[in-house]
Amino acid sequence: MKSTSDLWSYNTTRACENFTKSHINLTVYDSQWEQFAAQRLQKNKNVISFVKNDHLNFFIPYQFNGYSRKYYLDYLIKLSSGEMLLLEIKGQKTEESEEKAKAALDWVKAVNSQKSFGI
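Each chain has its residues counted from 1, running along the sequence as written. It should be noted that, the model being predicted, local features are given only for residues of pLDDT at least 70 and side-chain atom pairs only at 80 or more, the latter also being counted only at that level, while totals for whole chains, interfaces and linings use all residues. Neither water nor hydrogens contribute to the side-chain values; these are computed over all heavy atoms in the structure.

All right, on to the environment of Asp30 then. Secondary structure elements follow DSSP: runs of H or I of four or more residues count as helices, runs of E of two or more count as strands, with numbering from the N terminus. Inspection of the secondary structure puts Asp30 in the loop between strand S2 (27–28) and helix H1 (32–43). Owing to a relative accessible area of 45%, Asp30 belongs among the partly exposed residues under this scheme. Separated by 59 residues in sequence, Asp30 and Ile89 have C-alpha atoms that sit 9.9 Å apart. Using a 1.4 Å probe on the protein chains alone, a residue whose accessible area is under 20% of its type maximum counts as buried, one over 50% counts as exposed, and one in between counts as partly exposed.

This is how it looks when you write it as structure tokens:
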């Protein structure tokens, strides 16, 4: 099993912010919406920890227009209930984003039914 503690150092020119609920030293943003979400996650009493899915190589495979693709969600979140939450920030629905959402739901159902990786 991999851990964010296995993450190597890298440089970025993107906007970053430090959060105590994320043990990776800086959280990078791809948009102001993602920045807002991270700030809300930091303040939310039901959130134990979170991490931006950047350089973690966590993805959900999906198909679109006959091609295999990789869906990299924006945030991985651990709640005080013990549940894990996957968060994607989107500005608008597209045909491809709908396929990503379907793949994520299928993935979550499979993980939940496996029961060895949490809920």
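Right, picking up where we left off after that structure.
What follows concerns helix H2 (residues 95–114). The span you would expect from a helix comes to 1.5 Å times its residue count less one. Here H2 is 20 residues long and its end C-alpha atoms lie 29 Å apart, about the 28 Å a rise of 1.5 Å per residue gives. Looking at H2, one finds that the buried residues are Ser97, Lys100, Ala103, Ala104 and Val111. For H2, the arc enclosing every buried residue in end-on projection is 120°, short of the 170-degree limit, so these residues lie on one face. Those residues of H2 that are exposed and angled more than 90 degrees off the buried face are Glu95, Leu105, Asp106, Lys109 and Ser113. With its phi angle positive at about 70°, Lys115 sits one or two positions after the end of H2. Taken from the helix axis, the directions to the C-beta atoms give the arc we talk about.

One open sheet holds the three strands; their spatial order is S3-S6-S7, and the pairing between them is antiparallel. The open sheet has two free edges, formed respectively by strand S3 (47–52) and strand S7 (84–87), since each of these has just one partner strand. In this sheet, neighbouring strand axes are inclined to one another by 20° on average, regardless of whether the strands run parallel or antiparallel. Note: two strands are recorded as paired if DSSP finds a minimum of 2 bridges between them. Here strand S6 (residues 75–79) runs beside S7; their pairing, made up of four bridges, is antiparallel. Opposite Tyr75, over in S7, you have Leu87 as the bridge partner. Two residues qualify as a contact provided that any one of their heavy atoms is within 4.5 Å of a heavy atom in the partner residue. Here an angle of 0 to 180 degrees is reported between the N-to-C directions of two axes, which are lines fitted to C-alpha atoms, with helices fitted over the stretch in contact. The strands that H1 touches are S3, S6 and S7; relative to S6, the one it contacts most, it runs at about 15°.

So, about the nonpolar core. Counting residues in hydrophobic clusters, the biggest one holds 10 residues: Phe19, Tyr29, Ala37, Ala38, Leu41, Val47, Phe50, Tyr75, Ile77 and Ile89. With three residues, H1 is the single largest residue contributor to this core. As used here, the term nonpolar core means buried Ala, Val, Leu, Ile, Met, Phe, Trp, Tyr and Cys residues forming a set that is joined through side-chain atoms within 4.5 Å. Residues Phe64, Tyr71, Leu73 and Ala104 belong to the second largest nonpolar core, which totals seven residues.

Each reported salt bridge corresponds to a side-chain nitrogen of Lys or Arg within 4 Å of a carboxyl oxygen of Asp or Glu. Applying the stated rule across the entire model yields six salt bridges. The salt bridge partner of Lys52 is Asp74, with a shortest N-O separation of 3.6 Å. Taken together, the residues Lys52 in strand S3 and Asp74 in the loop between strand S5 (67–71) and S6 connect sequence positions 22 residues apart. We note that Lys52, like Asp74, is buried. What you see here is one network of salt bridges that share partners, running through Glu34, Lys52 and Asp74.

Any two of the Phe, Tyr and Trp rings considered here, Trp counted by its six-membered ring, make a pair once their centres fall within 6.5 Å; the pair's planes then place it as stacked at under 30 degrees, edge-to-face at over 60, or tilted in between. Inspection of every chain in the model, using the stated rule, returns four aromatic pairs. Summarising the aromatic geometry, the rings of Phe58 and Trp107 are spaced 5.4 Å apart at their centres and angled 80° between planes, so their arrangement reads as edge-to-face. Of the two residues, Phe58 is situated in the loop between S3 and strand S4 (60–64) and Trp107 in helix H2; the sequence distance between them amounts to 49 residues. Both rings, one in Phe59 and one in Tyr72, keep their centres 5.6 Å apart while their planes meet at 50°; by these two values the pair is tilted. Here Tyr72 lies in the loop between S5 and S6 and Phe59 lies in the loop between S3 and S4, a separation of 13 residues in the sequence. Two conditions define a charge sitting above a ring: the NZ of Lys or the CZ of Arg must be within 6 Å of the ring centre, and it must be within 35 degrees of the ring normal. Directly above the ring of Tyr75 sits Lys52, whose terminal nitrogen or CZ lies 5.6 Å from the centroid.

All quantities given are derived from atomic positions and should not be read as evidence of function.
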